[in-house]
Amino acid sequence: MRIIAGNRKGTRLKMVPGQHVRPTADRVKESLFSVIGPFFDGGYALDLFAGTGSLGLEALSRGMERAFFVDQSRTSCETVRANAALAKLSEQVEIMRRDARAVLKTLNERGIQFDIIFLDPPYHKQLLIPALTEIAELGLVAEEGVVVAEHPSQASMPEKVGRLTSFRSLSYGDVAMTLYTPEEKEGENT
C-alpha cells in the first residue's frame, strides 16, 4: 500500500496490525481519484473510520491543505500517525480517537466544512447510513464537496440522504463506492 500520486507519490504506508482493517486497494484509490479530482488546490478532507489513513493521506499528497482522521481504534490512530510521519505530512494532519458520530458534532461546533469526506466503516456494523445522515444534517460538506461512501458492491445505497444526493457509483469487484454531493439550498441559483 502506497501513496500513488502527488508530492508524496511512492511513499509506502504501514498496515494496521491484525485483521480488523480493510484498506482501499491502490487500483481502487487511483480510479476513485481520477473521478473526484486527480489534484486539489487546498481544502479540507475528513477520513472517517480512517484505518491506515490511506485515503486522507492520498488527498493531502494531491493538494488538500489539511486532513482530519477519525478512528476509535488506538492501533489505527497510531498507524495513521506513523503513516503521516512517513509521508512527511504530520503538520497537515489532525487525528482523533473517538466515536465517529461524536466527532462529527465536534467538527460542526468548530465550524469546519469539508471538500472531501471518506467513509469506510466496518461493513458488518451498519454505520454507513447513520454517518451519512449525521453529515447531511450537520451540513459538514462544502457546497462543491463530495462524500465517498465505500460499501460492499451488493449493498443498495439510497439516492438521497438528507441534502446529500448520489451522483455516481463505482464498482470494483466486491467493493463499491457511492459518491454524494449536497443539493442546492432553496433560493440558490441553479
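It should be noted that the structure appears before, not after, this text.
Residues numbered from 1 in each chain as written. Predicted model: local features only at pLDDT ≥ 70, side-chain atom pairs only at ≥ 80, totals over all residues. Heavy atoms only, no water.

### Looking at the pairing of strand β7 (residues 164-172)
Side-chain direction in a regular strand flips from residue to residue, so the side chains alternate between the two faces of the sheet. Cut-off, in case you're wondering: DSSP calls a pair of strands paired once it identifies at least 2 bridges connecting them. Strands here are runs of E lasting at least two residues and helices are runs of H or I lasting at least four, both read from the DSSP assignment and numbered beginning at the N terminus.
Inspection of the sheet shows strand β6 (residues 160-161) paired to β7 by 2 bridges, in the antiparallel sense. Opposite Lys160, over in β7, you have Thr165 as the bridge partner. Turn length for the β6-β7 hairpin, with the two strands adjacent in sequence and antiparallel, is 2 residues, and the turn residue Gly162 shows positive phi of about 60°. Here β7 pairs with strand β8 (residues 175-182) via 8 bridges, running antiparallel. In the strand pairing of β8, Arg168 is matched with Leu179. If you look at the hairpin formed by β7 and β8, you'll find 2 residues sitting between the two strands, and Gly173 has a positive phi there, around 65°.

### Some words on the side chain of Ser61
Stated formally: Buried, partly exposed and exposed residues are distinguished by accessible area as a fraction of the type maximum, computed with a 1.4 Å probe on protein chains only: under 20%, between the cut-offs, and over 50%, respectively. Counting of polar contacts relies on pairs of N or O atoms within 3.5 Å, with two restrictions inside protein: one atom must be capable of donating a hydrogen and the other of accepting it, and residues adjacent in sequence are counted only when both atoms are side-chain atoms. Here, residues are in contact when the closest pair of their heavy atoms is within 4.5 Å.
Among the secondary structure elements, Ser61 is positioned in helix α2 (residues 54-61). On the basis of relative accessible area, Ser61 is assigned to the buried category, the value being 3%. One polar contact links the side chain of Ser61 to the main-chain amide nitrogen of Arg8, over a distance of 2.9 Å. Among all residues touching Ser61, those that are not within four sequence positions of it are Ile3, Ala5, Gly6, Asn7, Arg8, Lys9 and Leu89.

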